[in-house]
Structures are given as structure tokens and as C-alpha cells.
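Spelled out, the chains give:
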Amino acid sequence: YSCIMAERNKGKLIIGLSLKAFISRELTTILVSEVSTAINSLSRKYGDRLYFVFFPFAETNSSSENDLLLANEILKGKKRVNENFIMIDHTHPLLWFTAIRDLVDVFIGMRYHSVIFTLAARKPLLCIPYENKVKQVLISKNKDFANIRIISPEELSAHDIINFVECNI
């Protein structure tokens, strides 16, 4: 929380990320490539104005459930590694909700609880639903929130991510 707050106090816009690897290695490869491309493009255009915060909701031995492994794959594709990107520690969910509510400006999420937290915090959300439960929450809440964008994993592109962020900063 204090690291994110320090960046916010410098005037940076905070972009939260909670991504999940797919069972399909092909879809995961596309996700990593498109997110890395979007982060690189946004970083080139906005420089130090943006700060990306990765929330690793799952840490397990499974490669499809280990968010830290996915974040490290995304970092491999970044041009400016660690200059505007932080992976926060896996911690109590209430602290993450507080960070999302108080510090995050825009959120890109896949994980169920990250989507719930972002909706509760009333933050702009680009959601890439990977399971039916995520889709159901979005369907039930979409009419209540003006700034939700849903994109299927198969249609995800860096262009969509960039447009969403730029429309909300």
C-alpha cells in the first residue's frame, strides 16, 4: 500500500492488473504478448505518468494458477522493466480492496475477487472473463456501472487495452 501511495503522491496514474493464465497455452501466450505490448506502448506514450500494479491473487504450484509466473512472463516482454511496474505481495484481501478503492485509477482484471473488488470500489474495469462465474457477476452488475468493458480472451488485443486505459486517464 505504501509503495503504491508513494507513486500516487508523485502524481502517477495507477493501473491495477489481476491476470490469470489460461489452460490453453496458446491463449496464455496471446495474453502475455498483448498485455506486454500494451504496457510498452502506454509507457512510451505517457512515460512516468503511469504506474502498473500487479495483484497476484493466486500463488500455487500450478502453472495455470500461479499469477506470479504470469506476471514474470509479462515482465520479460517489457522494454523498461521495473521502472513503472510493481508486483505486490500476496496479502490479506481487505488490504487489496483498500488499495484498489483508494489508489487505483483503472483496473484490468480476470480474477473473480479482483473483479468484485473493482466493482465495489466503482473503478473503471476492463474485464477479460475466463470463467462463467466472472461473466455472471458482470452481467448482473453491468447495468449498475457505467465504466465496465468486457472483452473475451479470444478477442483481446493490445489496442483494446490501450484504448480502455486512454479513455479512463
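Bear in mind that the values here come from a model prediction, so they are computed numbers and not experimental data.

Caption draft 1: View of the pairing of strand β4 (residues 106–109). Burial along β4 is two-sided: V106 and I108 facing one way and F107 and G109 facing the other are all buried. Inspection of the sheet shows strand β1 (residues 13–18) paired to β4 by four bridges, in the parallel sense. When the bridges of β4 are listed, G16 appears paired with F107. Sheet topology note: the β4/strand β5 (residues 125–127) ladder contains three bridges and is parallel. Across the sheet, residue F107 finds its bridge partner in β5, namely L125. Following the backbone out of β4, through helix α5 (residues 112–121) and into the adjacent parallel β5, one traces a crossover that is right-handed.

Caption draft 2: How the structure looks around the pattern of salt bridges. Per the counting criterion, the structure on display carries eight salt bridges. The closest approach of N and O atoms between D105 and R8, which form a salt bridge, is 2.8 Å. Highlighted residues: D105 in the loop between α4 (93–103) and β4 and R8 in helix α1 (residues 2–9), separated in sequence by 97 residues. You can call D105 buried: its relative accessible area is 16%. When its relative accessible area of 27% is taken as the criterion, R8 is described as partly exposed. The partner of D160 in a salt bridge is R149, and the shortest N-O contact between them spans 3.9 Å.

Basis of the calculations
Residues numbered from 1 in each chain as written. Predicted model: local features only at pLDDT ≥ 70, side-chain atom pairs only at ≥ 80, totals over all residues. Heavy atoms only, no water. Buried < 20%, exposed > 50% of the residue type's maximum accessible area, 1.4 Å probe, protein only. Helix = DSSP H or I, 4+ residues; strand = E, 2+ residues; numbered from the N terminus. Pairing = 2+ DSSP bridges. Right-handed = clockwise from strand over helix to strand, strands pointing away. Salt bridge = Lys/Arg side-chain N within 4 Å of Asp/Glu carboxyl O.

Shape is all these values report; function is a separate question.
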